[in-house]
Amino acid sequence: MDRFKLRKAEPKDVPDILRLIKELAKYEDMEDQVILTEKDLLEDGFGDHPFYHCLVAEDPSEERNNNNGPVVIGFAMYYFTYDPWIGKLLYLEDFFVMKEYRGFGIGSEILKLLSHTAVKSRCSSMHFIVAEGNQASIEFYKRRGAADLSLEEGWRLFKIDKSSLLKMSSGPEE
């Protein structure tokens, strides 16, 4: 494989980003949970106040079917958040490289670029979640110095879904 290229995602990449999100969800056996549309990704990531940032990896040796440039083979979606104990954080929301392109250092280069972005932005750390059964990714991150906070600090992840948010926002306080 020729050398891959990493770059900041552009609006034209939205179909590929959604394709890779769906591939990641399939890999994690959660395909039915992807409800985002291209329109959502475009509005949420490329307006005046984006909710997320995204990097894409391309294979310059492969052209898309419609001859619209190189094939997008990986992505990393992230945003900045704030922890009142330690300050600014880069939160890595999703990170995926297509199976046939793994083992070429693409993931390592994406993580290196994200680390540079975090340091440049004066972030205290980078946080992310890995599915418990995804041992390959857990080892990938551990080899790079990641600490498993669920084991070390006992944090648990919670979610309040949209229906509960609507109920809480309009109902009486408890």
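Going by an unreviewed UniProt entry, the chain carries the name Diamine acetyltransferase 1 and comes from Salvelinus namaycush. Taken verbatim from the UniProt record of the chain, the Subunit (unreviewed entry) comment is "Homodimer." What UniProt states about the chain under its Subcellular location (unreviewed entry) heading is, verbatim, "Cytoplasm".

A. Quick peek at the nonpolar core. With 37 residues, the main nonpolar core has Ile-17, Phe-75 and Leu-114 as its most contacted residues. If you list the elements that add at least two residues to this core, you get α1 (14-27), β2 (53-63), β3 (70-83), β4 (87-97), α3 (106-120) and α4 (135-142). Per-element accounting of this core gives the leading share, 7 residues, to β3. Ignoring anything within four residues of it in the chain, the contact list for Leu-114 reads Leu-55, Ala-76, Tyr-78, Leu-90, Leu-92 and Met-126.

B. The arrangement of α1 in detail. Across its 14 residues, α1 extends 20 Å between first and last C-alpha, which sits within 8% of the 20 Å expected from 1.5 Å per residue. Buried residues of α1: Val-14, Asp-16, Ile-17, Leu-18, Leu-20, Ile-21, Leu-24 and Ala-25, and no others. Once α1 ends, the next one or two residues include Asp-29, with phi positive near 60°.

C. Spatial organisation of α4. Among the residues of α4, Ile-138, Phe-140 and Tyr-141 are the ones counted as buried. End-on view of α4: buried residues confined to an arc of 160°, all on one side of the axis. Against the buried residues of α4 lie β4, α3 and β5 (125-128).

Definitions and cut-offs
- Residues numbered from 1 in each chain as written.
- Predicted model: local features only at pLDDT ≥ 70, side-chain atom pairs only at ≥ 80, totals over all residues.
- Heavy atoms only, no water.
- UniProt positions renumbered as here; feature names shortened; annotations may be inferred.
- Core = buried A, V, L, I, M, F, W, Y, C linked by side-chain atoms within 4.5 Å.
- Buried < 20%, exposed > 50% of the residue type's maximum accessible area, 1.4 Å probe, protein only.
- Helix = DSSP H or I, 4+ residues; strand = E, 2+ residues; numbered from the N terminus.
- Contact = heavy atoms within 4.5 Å.
- Expected span 1.5 Å × (residues − 1).
- Arc of directions from axis to C-beta.

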